[in-house]
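Residues per chain, in single letters:
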Amino acid sequence: MMKKYLIYGILSLTVLSCNSEKKSGAYETADSQKQSSTSSSDTAMAEKIVKTADMRFRVKDVQSTKEKLGSILRAEGGTIAEFNTHSQIRQNEKVKYSADSLLELISYRVEGLVVAKIPAEKLDDFTNQIAKMAVFIDDQSLKQDDQSINYLSNQLKNRNKLEAVTQLNNSVSGKKTGVAERSLALKDEYVDNKANNLLTDRNVRYSTITLNFYQDNTVKKMIVVNDELADYRPDFFKRFWLSFENGWSLFKEFILILANLWAILLVIAAGYFIFRHYRRKKLMA
């Protein structure tokens, strides 16, 4: 009987060891598959090319060109992100047109700026359409910025941060304050990296093109009010008569001043005659 129980024990241990080896082999296979899938996902780097373009060209009319650009962008699925016009005065002159008006002559040039977002696959077609609208192209450039490495780096960092946050949350409860602060910092960094990747995705889908365009110098004629005050003075004869009247008024005012001083004048006259009388007597003596 003891021999029989010993045989049964050996057989049961053998079965258990075989099952454990199968399970460990299965776990190793699953781990290896997981590692291989992770490594393949890490090395499968998506291409992230950000395209930007610049153009400067001359047109017949800035405002009509802006309207045409808006129509083309809407048709291509793009949008205008920024628009600006500026008039640069080259010369300005005013000549007399009448007694109370001037003819103002202005030589100026109008310049326009459009910053647009266009689907990346339609960028070349859009620039070709602009080239047909232009009278003359000053310069044209295209820049391609490869953000694939940065994009992949942000993805891997985000995965590591999520794992670190999980480990911190499962850490010892006695360090909850420091763990919470460190976990919050990692989450903020995760959000920043995620936002940068979202911005990269948008820039990859929509290329940015900056358009500077201008038109030939234009001369503008305008009748404006004469702001030279000297031109509004009366004519010579009118001013002469006014001056004569003003002089007569001043003379009358002077007479009135002397009339107010009659007592002083009387004393001065009396003193003068007394002085002459005594001087005459002195000479006779």
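Residues numbered from 1 in each chain as written. Predicted model: local features only at pLDDT ≥ 70, side-chain atom pairs only at ≥ 80, totals over all residues. Heavy atoms only, no water.

A few points about the overall build of the protein chain
Along its length, the protein chain carries seven helices and six strands. Its helices and strands taken in sequence order, the protein chain reads α-β-α-β-β-α-β-α-α-β-β-α-α from the N to the C terminus. Expressed as a percentage of the 285 residues in the protein chain, the buried residues total 21%. Here the analysis covers contacts within the protein chain between residues at least 6 apart in sequence; of these, 81% occur between residues at least 24 apart. Carbon together with sulfur atoms contributes 58% to the accessible area of the protein chain, which is approximately 21,400 Å² in total. (Helix = DSSP H or I, 4+ residues; strand = E, 2+ residues; numbered from the N terminus. Buried < 20%, exposed > 50% of the residue type's maximum accessible area, 1.4 Å probe, protein only. Contact = heavy atoms within 4.5 Å. Areas by Shrake-Rupley, 256 points an atom, 1.4 Å probe, with all protein chains shown as cover.)

Quick notes on the pattern of salt bridges
Once their charged atoms are close, side chains differing in charge can pair, the charge on each being opposite to the other. All chains considered together, the criterion is met by five salt bridges. Put simply, Arg-58 and Asp-216 hold a salt bridge, and the shortest N to O gap is 3.4 Å. Here Asp-216 lies in the loop between β5 (206-214) and β6 (218-225) and Arg-58 lies in strand β1 (residues 49-58), a separation of 158 residues in the sequence. Residue Glu-111 is joined to Arg-109 by a salt bridge in which the shortest nitrogen-to-oxygen separation is 2.9 Å. On the accessibility criterion, Arg-109 (17% relative accessible area) is buried. (Salt bridge = Lys/Arg side-chain N within 4 Å of Asp/Glu carboxyl O.)

Considering a nonpolar patch on the surface
On the surface, Trp-248, Phe-251, Phe-254, Ile-255, Ile-257, Leu-258, Leu-261, Ile-264, Leu-265 and Ile-268 cluster together into a nonpolar patch covering about 950 Å² of accessible area. Counting residues per element, the ones that place at least two in the nonpolar patch are α6 (236-260) and α7 (262-284). The element best represented in the nonpolar patch is α6, accounting for six residues. Inspection of the secondary structure assignment puts Leu-258 in helix α6. Using a relative accessible area of 30% as the deciding quantity, one classes Leu-258 as partly exposed. (Patch = residues over 30% accessible without salt bridge, like charges linked within 9 Å, V, L, I, M, F, W, Y side chains within 5 Å.)

Considering the environment of Asp-61
Note that Asp-61 resides in the loop between β1 and α2 (62-76). For Asp-61, a relative accessible area of 33% corresponds to the partly exposed category. At 3.3 Å, the side chain of Asp-61 forms a polar contact with the backbone nitrogen of Gln-63. (Polar contact = N/O pair within 3.5 Å; in protein donor to acceptor, adjacent residues only side chain to side chain.)

A closer look at the packing of aromatic side chains
Under the definition given, this model contains four aromatic pairs. Between Trp-241 and Phe-244, the aromatic rings sit 5.6 Å apart at their centres with planes inclined by 25°, giving stacked as the arrangement. With Trp-241 and Phe-244 both in helix α6 and three residues apart, the pair spans about one turn of that helix. Seen from their ring centres, Tyr-272 and Phe-273 are 5.7 Å apart, and the 65° between their planes marks the pair as edge-to-face. Phe-273 sits in the exposed class, given a relative accessible area of 54%. Residue placement shows Lys-66 over the ring face of Phe-83; its charged tip is 4.8 Å from the ring centre. Here Arg-109 stacks its cationic end above the ring of Tyr-214, 4.8 Å away from the centre of that ring. (Phe/Tyr/Trp six-rings, centres within 6.5 Å; stacked < 30°, edge-to-face > 60°. Lys NZ or Arg CZ within 6 Å of the ring centre and 35° of its normal.)

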